[in-house]
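Analysis of the macromolecular model
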Amino acid sequence: MAKWILIDGNSIIYRAFFALPPLTNSAGLHTNAVYGFTTMLLKLIEEEKPTHMLVAFDAGKTTFRHEGYAEYKGGREKTPTELSEQFPILKELLKSFGIAQYELPGYEADDIIGTLSRIADEGGVETVVVSGDKDMLQLASDNVTIALTRKGISEVERYNPAEIKERYGLTPLQIIDLKGLMGDTSDNIPGIPGVGEKTALKLLHEFGSVEAVIAGVNELKGKMKEKVEEHQESAVMSKKLATIYREVPLEHESDELAYSGYDDAALGDAFRKLEFKSLIERLGLSAAGSAADVPAAEANYEVVSLSGLPADEVTELLRASESIYIEAIGDNPHQSRLIGIAVASGDRILTVTYDELMGTTLSAPVRAWLEDANAPKKGYDLHKAELTLHWMGIDLRGVALDTMLAAYLLDPTDTSLTLAALISRYKLASIQSDEAVYGKGAKFQVPGSDVLAAHLAAKADAVRRLIPVLTDELEKGHMSKLCYELEQPLAVVLAGMEKQGIKVNPAVLEDLGAELERNIAQYMSDIYTHAGMEFNINSPRQLGEVLFEKLGLPAWKKTKTGYSTDAEVLEKLAPYHEIVGMILHYRQLAKLQSTYVEGLLKEIRRDTGKVHTYYRQTIAATGRLSSQFPNLQNIPIRLEEGRRIRKAFVPSEPGWTILAADYSQIELRVLAEISGDENMKEAFIKDIDIHTKTAMDVFGVTPDQVDSNMRRQAKAVNFGIVYGISDFGLSNNLNITRDEAARFKEQYFAAFQGVRAYMDNIVVQARENGYVTTLLDRRRYLPDIHASNFNIRSFAERTAMNTPIQGTAADIIKLAMVNMDKEIRARGLRSRMLLQVHDELVFEVPQEELELMKTLVPQVMASALKLDVPLRADVSYGDNWYEAK
DNA sequence: TACATCACG
DNA sequence: ACGTACGTGATGTAG
């Protein structure tokens, strides 16, 4: 037996919103109305057991009712953002429920429901209409019951025609007349002023309809007669407005409403995002629930040690390996200590300790297997493992899949990609956290061999269990190619660069350090003199006291903890007191000394005379790399004093040259490409200076009229565009008013209309999909795009604009790196790729390859990805990184 | 360990 | 009206 449930989405979500106290999830998203809606849905499903369900929504602001009466629904309070942000969430949730939803421009939810209930009624289908709006009673019939929400949301009161008769003494259709007479404040329907429910009912019981009341007006007396005479037109119009239109041109077949129950996994995911913990529990969705909820599985494998297994069985086990886990201690993989290895194969997991690997002949097959490029390994953070093993004299080869990398691609904003966290995220049987096994901080300790072996085996097993889930998810997200053809090969290229390292000449740094020390001492004493006291200039707190209390300089910017003393503040303060300039200089030199001279010297390895950075491939939310121990992506360049640090970066072989190639305006070229803006594309195709071009268009001048200041401002506008422009940010950056900034922006968008369209579209896309993507389908989720908090939401919107640009640029240089590595190998070159700095690649090149590399590198970089907009890379070279400018 | 600051793209 | 530019890592101070 068919049973339909038709729900007035707008009415119910409003009721729920006002009935329930504010409720937010940890991301600050309001969820109370969705929660209320959900509890009601669950109850309906349980009690009514529907075969078909539909939630109808109002679409757009105006409906056919506005044509006859422009003030319809006028004077309404604007929907609070705390509620409006919940509409997209509800619509998304309905998808997880597997419930149909429908809206049609020009019609209200009532009309859609009216039409469907008519169709159901004509077909003799039992139907329940759910709403908070009494008007709906007009739809009641023998087949159609109206369920009206009562106080709160979960309680409903059901009406069939008999119950309407009992309650009001009216037929369903007379409900329209009731409203025609009494009106409805919430919809701004006037009715007859002064006529409320009681009077209206009395009139209807006597006359039967609005028209009959008007016709019989002479039978009325006194005030009542006057009112009806005066407002009869209003009554007729009100009746019309209150009439639900039951002939909406629906484009859908009613079988699209079929409801076959929700998918536990989909609904569980949706509830987890919303943090509806009680509902997860109530529906038993928590079996797949959060980390702690999933009990550890009974181990279905045997842990075997290297010494406990005959050599031929070790070889066979390795050959049939399904996953590997390599444990090392320490953040810096160039200095980390290997603890042990576990390899999973069928019902046995082999564990190999550090001592076994390094000390016994038993380990020979293991080492051979690790180094065998034809033996595929699927593991976890194998990039780090490769480096750890490298410094032990073992070359890890044959990496086929890295689960950490895969998990990063699936959610690059995830900051906890530990195995335990991933296992929990993907709802697999849990494993112990490292902290539980090793302890942390001072308590850190490697446990005894049995406990350790069990833990490593559990991790290898965890990797094995993650593989199908992650590869499946990658496939669903269209990121398999990105993973296997870009990120995985890149991991190997990066490891090669890191092992190679770049030579640093300590003498250059020491000389610079001595000079800095003298200057710093001088600034310190001068600053103390001007302050009239000695204090720690490095302490923003003490500095703030000196500047703003002792010296009485104007404080205009604060931090959480006190006065701000950052460069922006000090630059504004400089004219007031000469100590300020000294502090700025002191800061600059102190930074160079501590971070770059002393910091870098500490990182030079004794054995290689080089610094070996560690590129992290799973940190940046946009797909960029990051660099640690030391960070070689922020070596000074903008100011000459700092730039001299680069003189210390030299070739590691005598007679070789440092060659650097950087992409020209890669982010703006990417923007031109993905926005398709013709004006901008043309500028790049003609290789016109983009900032000058921007200045021409923004200021409406000819090329020769563009002065350096105009170009500077245009450049700032371009930066702003890439970052997701806001008036305030631009005005702040250019030190102009917000109005001026807004005008710049307007001018810019007038010239680059495709860019404007991109910015608008990408935000809509982010709202609809919940994520944005790069050209290579790299994905970033933006849950905050629905936040009610203006700041949080705005940040997500800017991120939506920026990430495809920055991320695609990252995709491109990564492609170039993989291709460049291939070229070097294929051509048997001795040149080495050493560094990547987001849009720049640095090589060391033997003399005889210089001419080739000068053309090869930019050519490979420019052709990394075929675009409409040409890519360009410029090369420079010299005896050190400073000279390669 | 959190915060402020500043180096880079 | 709201108040920020996007993405990182290292350092020193202070609780």
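For the structure given in this document, a descriptive report is provided here. (Residues numbered from 1 in each chain as written. Chains lettered and ligands numbered in written order. Predicted model: local features only at pLDDT ≥ 70, side-chain atom pairs only at ≥ 80, totals over all residues. Heavy atoms only, no water.)

1. Some points on the protein's contact with DNA strand C
Near DNA strand C, the surroundings consist of 36 residues, among which Ser539, Arg541, Ser626, Phe795 and Arg798 are the closest. Taking alanine 716, its main chain carries an N or O atom lying 3.2 Å from a base nitrogen of DNA strand C. Of all elements in the fold, only helix H25 (540–550), helix H27 (578–603), strand S16 (626–628), helix H32 (708–723), helix H33 (727–734) and helix H36 (790–826) reach the threshold of two or more residues within the surface near DNA strand C. A total of 7 residues in the surface near DNA strand C trace back to one element, the largest contributor, which is H36. Each residue belonging to the surface near DNA strand C can be placed in one class, and the counts come to 10 nonpolar, 20 polar and 6 charged. (Near = heavy atom within 4 Å. Polar contact = N/O pair within 3.5 Å; in protein donor to acceptor, adjacent residues only side chain to side chain. Helix = DSSP H or I, 4+ residues; strand = E, 2+ residues; numbered from the N terminus. Nonpolar A, V, L, I, M, F, W, Y, C, P; charged D, E, K, R; others polar.)

2. A few points about the protein's contact with DNA strand B
Near DNA strand B lie 22 residues; those nearest to it are Thr565, Lys591, Ile637, Arg638 and Asp839. Sugar plus phosphate, as a fraction of atoms of DNA strand B within 4 Å of the protein: 76%. Backbone polar atom of lysine 560 to a phosphate oxygen of DNA strand B: 2.9 Å apart, as the coordinates give it. In the model, a base nitrogen of DNA strand B is placed 3.0 Å from a nitrogen or oxygen of the asparagine 634 side chain. Grouping the amino acids of the surface near DNA strand B by side-chain chemistry returns 7 nonpolar, 8 polar and 7 charged.

3. Some remarks on unusual backbone geometry
Residue proline 630 is reached from phenylalanine 629 by a cis peptide bond, and omega for that bond is 0°. Mapped onto the fold, proline 630 is located in the loop between S16 and helix H28 (640–643). For lysine 427, which is not a glycine, the phi torsion comes out positive at approximately 60°. Position of lysine 427 relative to the elements: it lies in the loop between helix H20 (419–425) and helix H21 (434–438). Classification of lysine 427 by relative accessible area gives partly exposed; the value is 26%. We note that histidine 838 has phi near 70°; this positive angle belongs to a residue other than glycine. In this fold, histidine 838 is placed in the loop between strand S21 (832–836) and strand S22 (840–845). You can call histidine 838 partly exposed: its relative accessible area is 23%. (Buried < 20%, exposed > 50% of the residue type's maximum accessible area, 1.4 Å probe, protein only.)

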